[in-house]
Amino acid sequence: MSNYKYSTLAVHAGQYPDPLTGAVNVPIYLSSTFELTGIGTDRGWDYSRAGNPTRDRLEEALAALEGGTSGHAFGSGMAAIYALVATLHTGDHVICSHNVYGGTTRLFNQIVRHYGIEIEYVDTSNPEAVAAAIRPATKLMHIETPTNPLMSLTDISAVCEIAHAKGVEVSVDNTFMSPVLQSPLALGADIVMHSTTKFLNGHSDGLGGALIGSKPEHKERFHLVQKAAGGILSPFECFLVLRGIKTLPLRMRQHEENGRAVAQFLSTQPKLNRLAYPGLPTHPQHALAVKQQKGFGSMMSFDLGSREAAGRFLGAVKIFLSAESLGGVESLASHSATTTHAALSDAERESLGITPGLVRLSVGIEDKDDLIADLEQALAAV
Ligand SMILES: *Cc1c(COP(=O)(O)O)cnc(C)c1O
């Protein structure tokens, strides 16, 4: 399989005909338990928390798309991040990118910290800050690039080199790019994390999360967390992600084309400030985006100056839906301060630059001229 090109992998990796019936689509195995063939022997499955044939196929597909050795599907992106830290011990130190998805900060600050695991937020876009933050107790560095919603980038190979020299493992939240537009493992990362809720599923009809490992030890560790802690993805949701993956490269091409066109249009609009899209030459890390990404994607944010202006804009859009989430076929617009980053204090949001007027767009696959016209009329209402 691995010698096939990407679009072929997306349609076929893990998605071969069912050995029993020849069904072209991976069947949804709605069975919690499996008949054993004897005492202590089975046909490969015994209980669906430990393994399910539909989930196996999704995990195989995910591993192939990220070039990893094993995939692990969880009930949501947050369950996948939880699995990432589930095997750490009291006294361990974790470095995390400083403007990550708000749910990641909520999990780390309100739950994981109480286990005696120290979480330190570092501006991972600065390799010197990363080097200075590593201690003997550091076990994991979790980075998000580009970050949500400010689209700040971390140089994956540079920070992996620094981390690996000190024996620290690096995980990358690759949700914003999807496996099509960025390959963290090829850049040196150890583990990739996804909220499959976003581009991988692609149709906003199911939550899910994934970890993709690069070593046999990861397979053992993450399988243990799946089996022991139980935060696994249901067979039905696994099927939805498998179905989404078949068109992922095709959808990403359209997301990319529309993202670029919308960003280009917004860059000419005087009513907004701080337009953040790594594909624009004005983005401070445009060169890094060109180097480590295979595209710029369809996520961007900008500042309309005040909460009132953002409210008028979100009330005026017609095709863009004012809603949380991202990566679906439909275009969405959201107010970061009161949605994805609502769990942070005003001071924390302010220090990160998540201002009251900040709006984030997830540009879908509709016609780009219609999307631009919609944004134009909504901006006129501001
Ligand atoms: C949505 C998201 C998550 C959380 O995933 P859920 O599936 O909502 O639990 C984590 N990281 C990023 C970058 C996200 O966009």
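Criteria and thresholds
- Just so you know, the residues in each chain are numbered from 1, in the order the chain's sequence is written.
- Residue-level local features of this predicted model are given only where pLDDT is at least 70; pairs of side-chain atoms are given and counted only at 80 or more, and the full residue set underlies all totals for whole chains, interfaces and linings.
- By convention in this description, side-chain values take in all heavy atoms of the structure and omit both hydrogens and water.
- Note on conventions: DSSP H or I runs of at least 4 residues are helices, E runs of at least 2 residues are strands, and numbering of each starts at the N terminus.
- Throughout this description, buried means an accessible area under 20% of the type-specific maximum (1.4 Å probe, protein chains only), exposed means over 50%, and partly exposed covers the range between.
- We call two residues in contact when some of their heavy atoms are within 4.5 Å.
- The span one expects for a helix is its residue count, reduced by one, times 1.5 Å.
- By definition, the arc is the one covered by directions from the helix axis to the C-beta atoms.
- The nearness test applies per residue and asks whether one of its heavy atoms lies within 4 Å of the molecule or strand.
- Here a polar contact is taken to be a pair of N or O atoms separated by no more than 3.5 Å, where protein atoms must pair a possible hydrogen donor with a possible acceptor and residues adjacent in sequence count only if both atoms sit in side chains.
- Accessible surface is estimated by sampling points in the Shrake-Rupley manner with a 1.4 Å probe; for residues, cover comes only from the protein chains shown.
- Ten residue types, Ala, Val, Leu, Ile, Met, Phe, Trp, Tyr, Cys and Pro, are classed as nonpolar, four, Asp, Glu, Lys and Arg, as charged, and the remainder, Gly among them, as polar.
- To qualify as a nonpolar core, a set must consist of buried Ala, Val, Leu, Ile, Met, Phe, Trp, Tyr and Cys residues joined through side-chain atoms within 4.5 Å.

## A word on the side chain of T154
For step 1, the next point in the chain: Residue position: T154 is located in the loop between β4 (138-144) and α6 (156-165).
For step 2, the next point in the chain: Take T154: its relative accessible area is 2%, and that puts it in the buried class.
For step 3, the next point in the chain: With near-sequence residues (within four places) excluded, T154 lies in contact with S97, T124, S125, I143, E144, T145, V159, L288 and Q292.

## Topic: helix α8 (residues 216-229)
For step 1, the next point in the chain: The end-to-end C-alpha separation of α8 is 20 Å, in line with the 20 Å expected for 14 residues at 1.5 Å each.
For step 2, the next point in the chain: Among the residues making up α8, those that are buried are H218, R221, F222, V225 and Q226. Down the axis of α8, the buried set is contained in an arc of 135°. They therefore lie on one face. More than 90 degrees from the buried face of α8, the exposed residues found are P216, E220, L224 and A228.
For step 3, the next point in the chain: Buried residues belonging to α8 abut α2 (53-66), β1 (70-74), α3 (77-85), β5 (169-173), β6 (191-195) and β7 (209-213).
For step 4, the next point in the chain: Residue G230 follows α8 closely and has a positive phi angle near 85°.

## A look at the site of the ligand
For step 1, the next point in the chain: In the neighbourhood of the ligand, 13 residues make up the surrounding shell, with G77, D173, S195, T197 and K198 lying closest.
For step 2, the next point in the chain: Here an oxygen atom of the ligand sits 2.7 Å away from a polar atom, N or O, in the side chain of T197.
For step 3, the next point in the chain: Taking 380 Å² as the accessible area of the ligand by itself, protein coverage stands at 94%.
For step 4, the next point in the chain: For the shell around the ligand, a count of residues per class yields 4 nonpolar, 6 polar and 3 charged.

## Some remarks on the nonpolar core
When a protein is soluble and globular, its nonpolar side chains tend to lie buried together.
For step 1, the next point in the chain: Residues V262, L266, F313 and L361 are the most contacted members of the largest nonpolar core, which totals 31 residues.
For step 2, the next point in the chain: Elements with a contribution of two residues or more to this core: α10 (248-266), α11 (286-292), β9 (299-303), α12 (307-316), β12 (358-362) and α14 (368-380).
For step 3, the next point in the chain: Discounting chain neighbours no more than four positions away, the residues touching L361 are V262, L266, S298, M299, M300, F302, F313, F320, L332, A333 and L375.
For step 4, the next point in the chain: In terms of nonpolar packing, the next biggest core, distinct from the first, is built from 30 residues, M151, F176, M299 and L326 among them.

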